[in-house]
Amino acid sequence: MKNCLVVDDSKVIRKVARHILESLDLSVSEAVDGQDALNQCEAAAPDVVLLDWNMPVMSGMEFLQALPTAKLSARPKVIFCTTENGISHIKAAVEAGADEYVMKPFDRETLESKLSIVGVI
């Protein structure tokens, strides 16, 4: 079973994402910010990270920038999941290493499509 790390400071978003991801037969873990996510990735790299942009401690962009130098067994796919929908934000995320980008609010079909695109399901 593939593993997804949901990184969001909103407990509600993490719960909704967990419900959708588990219905797609993914194992789910959660992180409350980018630093928490980075620590978890170094302990056991997930197959995919569903990443929020705006978070305290370490933002999603800061997490993405730290990922290349992190001590990982394998680099996870990264799907940015955010309300930031400007083309400049999307371009910056992709240039920083995001594999895909999904807008909040998202539904099962959208998330399933993005996971398929990055090769996780």
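Residues numbered from 1 in each chain as written. Predicted model: local features only at pLDDT ≥ 70, side-chain atom pairs only at ≥ 80, totals over all residues. Heavy atoms only, no water.

1. Quick look at the packing of aromatic side chains
Heads up, the rule is: Think of it this way: a Phe, Tyr or Trp ring, Trp meaning its six-membered ring, pairs with another when their centres are within 6.5 Å, and the plane angle makes it stacked under 30 degrees, edge-to-face over 60, tilted otherwise.
The full count for this structure, using the stated rule, is two aromatic pairs. Connected via pairs of aromatic rings, a cluster forms that spans Trp53, Phe80 and Tyr101.

2. Topic: the UniProt feature "domain: Response regulatory" (unreviewed entry) in the protein
To keep things clear, this is the line we draw: UniProt positions are given in the numbering used here, feature names are shortened, and annotations may be inferred rather than shown by experiment. Elements are defined by DSSP. Helices are runs of H or I of four residues or more, strands are runs of E of two residues or more, and each kind is numbered from the N terminus.
When the UniProt feature table is mapped to this numbering, "domain: Response regulatory" (unreviewed entry) covers residues 3-119. Helix and strand shares over residues 3-119 are 43% and 21% respectively, and the end C-alpha atoms of the span are 13 Å apart.

3. Concerning the environment of cysteine 81
Quick reminder of the rule: Three exposure classes are used, based on accessible area relative to the maximum for each residue type with a 1.4 Å probe and protein chains only: buried under 20%, partly exposed in between, and exposed over 50%. What makes two residues a contact is simply this: any of their non-hydrogen atoms within 4.5 Å.
Inspection of the secondary structure puts cysteine 81 in strand β4 (residues 77-82). A relative accessible area of 3% places cysteine 81 in the buried class. For the pair cysteine 81 and methionine 103, spaced 22 residues apart in the sequence, the C-alpha separation amounts to 5.7 Å. Those residues in contact with cysteine 81, other than ones at most four positions away along the chain, are Leu50, Leu51, Asp52, Trp53, Val102, Lys104 and Phe106.

4. Some details on the pairing of strand β5 (residues 100-103)
Cut-off, in case you're wondering: Paired strands, in this sense, are two strands between which DSSP finds at least two bridges. By convention, orient the strands away from the viewer: a clockwise path from the first strand over the helix to the second makes the crossover right-handed.
In this sheet, β5 lies alongside β4 in parallel orientation, the contact comprising four bridges. Looking at β5, one finds that threonine 82 is bridged to methionine 103. A crossover connection joins β4 to the parallel β5 through helix α4 (residues 87-96); in handedness this β-α-β unit is right-handed.

5. Comments concerning the sheet that holds β5
Picture the strands of a sheet paired through backbone hydrogen bonds; they go either parallel or antiparallel. Just so we agree on the cut-off: Whenever a helix is involved, its axis is fitted only over the stretch in contact; in every case the axis is a line through C-alpha atoms, and angles between N-to-C directions fall within 0 to 180 degrees.
What the five strands build is an open sheet, ordered β2-β1-β3-β4-β5; its pairing is parallel. Strands at the two margins of the open sheet, each flanked by one partner only, are β2 (27-31) and β5. Each strand of the sheet is rotated relative to its neighbour by a mean of 20°, with strand direction disregarded. Pairing analysis gives four bridges linking strand β1 (residues 3-7) to strand β3 (residues 48-51), with the strands arranged parallel.

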